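# Summary of the model geometry
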Amino acid sequence: MARVTVKDIARECGVSFSTVSKALKNSDEISLKTKALIHETAKRMGYHINAAARALRTKRSYNIGVIFEDATDSGLQHQYFAKIFDSINVSANKAGYAITFLSPFGEHDYLSQAQYRGCDGVIIASTAFERADVRRLLESDIPICTLDYEDEHNHSAVLSDNDTGMKMLLEEIIARGHSKIAFIHGEAGRVTAIRLEAFRRTLAKHGISLPPDCLREGIYHDTDSSYRITLSLLAMDERPTCIIYPDDFAALGGIKALSERHIAPGRDISIAGYDGILIATLLNPPLTTYEQDARELGRQLVAQLLENIAAPESFERSTIFVSGCFRQGASVRDIRPDAVLS
């Protein structure tokens, strides 16, 4: 069976070759009605884009590299990142791009991997940004967009608004009468620094001072460290009335520790997470958390990268902040005197 071409679709729809070409690229120059007709006809006729021919014509591979390193090995099973990558994939596919996860091996670092695969651009979602091989990629002329990281190089960054997120979460906890609040934060890095600063600033605003023992370094997306730290917080002479975890997944380790001590979240002690992953709503009680807008983060990562790919000579880097929202579960108890008496 002969391969269906753009000319075949044009003949079937009674339109010009250029109209079909533009419609298949979802150009705004073509009306929605005409685009719908052309896309429907192309699907019915079994049309498939000739990727090799398109690459030769446009001098692009229509391939986006993605870098994701996770020290806890939760990988794509982690709901927060899984939602981001799904959004990246959907957004890239809509623009006619495919995504490829890059993984260095042997003498092939990220830069050589991206070059070997002919990536038009790279999204860096998670890695050790200061590492030498990552710096080489950042300093190259390959278009790049980073998640929750910005530096002096000419690439855009998409940042979850961690300052507002931590402030919003903590304000809600304080409003429920809590002043003995422990914060198990993630390992050192830009995101942690922003959350810690927002945490300290919000406490100071309310005149709340905490002993150093209430600030503990854990590990993002790691239940074991949260489990151990929770046990040590429970052993304090004056244990906190509320514990904030690095993220919702890490909070599961804390919940395990509480369960072993027969301490009920939301009744005997309050806890809160961060991220707003699905599992937070399925816990009993549902976890109070701040939901990061993972889908918008993924969409913006692709949008900013494609802007760089389309016009690298005139591209000017930008920083995009993406806000989320507070999710009231039932794991933070209202301990104000009037609430207790009511």
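Notes on the structure in this doc start here. (Residues numbered from 1 in each chain as written. Predicted model: local features only at pLDDT ≥ 70, side-chain atom pairs only at ≥ 80, totals over all residues. Heavy atoms only, no water.)

### Thoughts on the sheet that holds strand E8 (residues 242–244)
Put simply, the test is: For two strands to be treated as a pair, DSSP must find no fewer than two bridges joining them. Helix and strand definitions here come from DSSP, where helices need a minimum of 4 consecutive H or I residues and strands a minimum of 2 consecutive E residues; each element is numbered from the N-terminal end. Each axis is a line fitted through C-alpha atoms, taken for helices only over the stretch in contact, and angles between the N-to-C directions span 0 to 180 degrees. In what follows, residue pairs with any heavy atoms lying within 4.5 Å of each other are defined as contacts.
With respect to topology, four strands assemble into an open sheet ordered E7-E6-E8-E9, the strand pairing being parallel. The open sheet has two free edges, formed respectively by strand E7 (215–217) and strand E9 (270–272), since each of these has just one partner strand. Between one strand and the next, the sheet's axes are offset by a mean angle of 15°, whatever the strand orientation. Judged from the three bridges that link them, strand E6 (residues 181–185) and E8 form a sheet pairing that is parallel. Bridge pairing in E8 links Phe 183 to Ile 244. Against the sheet, helix H9 (residues 190–205) makes contact with E6, E7 and E8, and its axis sits at roughly 170° relative to E6, the strand it touches most.

### A few points about the packing of helix H10 (residues 223–234) against helix H11 (residues 248–260)
When two helices pack together, you describe them by how their axes are tilted relative to each other and by the distance separating the axes. Keep this limit in mind: Roughly parallel here means an angle under 35 degrees, roughly antiparallel means over 145, roughly perpendicular means 65 to 115, and every remaining angle is called oblique. If you view the pair so one helix is near and one far, a crossing is left-handed when the near helix is turned anticlockwise from the far one by less than a right angle, and right-handed when it is turned clockwise. Side-chain classes are defined by residue name, with Ala, Val, Leu, Ile, Met, Phe, Trp, Tyr, Cys and Pro counting as nonpolar, Asp, Glu, Lys and Arg as charged, and the others, Gly among them, as polar.
Two numbers describe how H10 lies on H11: the axes approach to 7 Å, and their chain directions differ by 45°. One finds that H10 runs oblique with respect to H11. Handedness of the crossing formed by H10 with H11: right-handed. In contact with Thr 223, Ser 226, Tyr 227, Thr 230, Leu 231 and Leu 234 of H10, H11 contributes Phe 249, Ala 250, Leu 252, Gly 253, Gly 254, Lys 256, Ala 257, Leu 258 and Glu 260. Classifying every residue of the contact of H10 with H11 by side-chain character gives eight nonpolar, five polar and two charged.

### Some words on the sheet that holds strand E5 (residues 156–160)
Strand order across the open sheet formed by six strands is E2-E1-E3-E4-E5-E11, with parallel pairing between neighbours. Two strands in the sheet have a free side with no partner beyond their single neighbour: strand E2 (98–101) and strand E11 (319–322). The sheet shows a mean angle of 20° between the axes of neighbouring strands, taken without regard to direction. As judged from the three bridges shared by strand E4 (residues 144–147) and E5, these two strands associate in the parallel manner. Paired with Cys 145 across the bridge in E5 is Ser 156. Relative to E4, helix H13 (residues 294–310) is tilted by about 160°, and along the sheet it contacts strand E1 (63–68), strand E3 (121–126), E4, E5 and E11.

### As for the nonpolar core
Heads up, the condition is: Residues belong to a common nonpolar core when they are buried Ala, Val, Leu, Ile, Met, Phe, Trp, Tyr or Cys residues joined through side-chain atoms within 4.5 Å. Each residue's exposure class comes from its accessible area (1.4 Å probe, protein chains only) as a fraction of the maximum for that residue type: buried when under 20%, exposed when over 50%, partly exposed otherwise.
Counting 25 residues, the largest nonpolar core has Ile 84, Ile 123 and Leu 301 as its most contacted members. Elements with a minimum of two residues in this core: E1, helix H5 (79–94), E3, E4 and H13. In terms of residues, this core owes the most to one element, H13, which gives seven residues. Excluding anything up to four places from it in sequence, Ile 84 contacts Leu 147, Ala 294, Leu 297, Gly 298 and Leu 301.

### Details of the pairing of E1
The element E1 is extensively covered by neighbouring structure, given that six of its six residues are classed as buried. Burial along E1 is two-sided: Asn 63, Gly 65 and Ile 67 and Ile 64, Val 66 and Phe 68, pointing in opposite directions, are all buried.

### With respect to the environment of Pro 246
Relative to the assigned elements, Pro 246 resides in the loop between E8 and H11. For Pro 246, a relative accessible area of 2% corresponds to the buried category. Non-local contacts of Pro 246, meaning those with residues more than four positions away in its chain, are made with Ile 184, His 185, Gly 186, Arg 195, Ile 219, Tyr 220, Ser 226 and Tyr 274.

### Things to note about the side chain of Asp 120
Put simply, the rule reads: Two N or O atoms form a polar contact when they lie within 3.5 Å of each other; inside protein one atom must be a possible hydrogen donor and the other a possible acceptor, and for residues adjacent in sequence the pair counts only when both atoms belong to side chains.
Take Asp 120: it is sitting in the loop between helix H6 (110–116) and E3. Residue Asp 120 is classed as buried on the basis of its relative accessible area, which comes to 12%. Within the local environment of Asp 120, its side chain forms a polar contact with the backbone nitrogen of Tyr 62, the two atoms lying 2.7 Å apart.

### Examining unusual backbone geometry
Cis rather than trans, the peptide bond between Asn 284 and Pro 285 has omega equal to 5°. For Pro 285, the location among the structural elements is in the loop between helix H12 (278–282) and strand E10 (289–291). At Asp 148, a residue that is not glycine, the phi angle is positive and equals roughly 55°.

### Observations concerning the pattern of salt bridges
Cut-off, in case you're wondering: By definition, a salt bridge exists where a carboxyl oxygen of Asp or Glu is found within 4 Å of a side-chain nitrogen of Lys or Arg.
Going through the model one piece at a time under the given rule, you end up with 20 salt bridges. When the shortest N-O distance is used, the salt bridge between Arg 131 and Asp 133 registers 2.7 Å. Assessed through its relative accessible area of 31%, Arg 131 is described here as partly exposed. Given the relative accessible area of 12%, Asp 133 is considered buried. Between Glu 172 and Arg 176 there is a salt bridge, with its nearest N and O atoms 2.9 Å apart. A relative accessible area of 19% means that Arg 176 is categorised as buried. What emerges from the salt-bridge pattern is a single network uniting Glu 130, Arg 135, Asp 151 and Glu 152.

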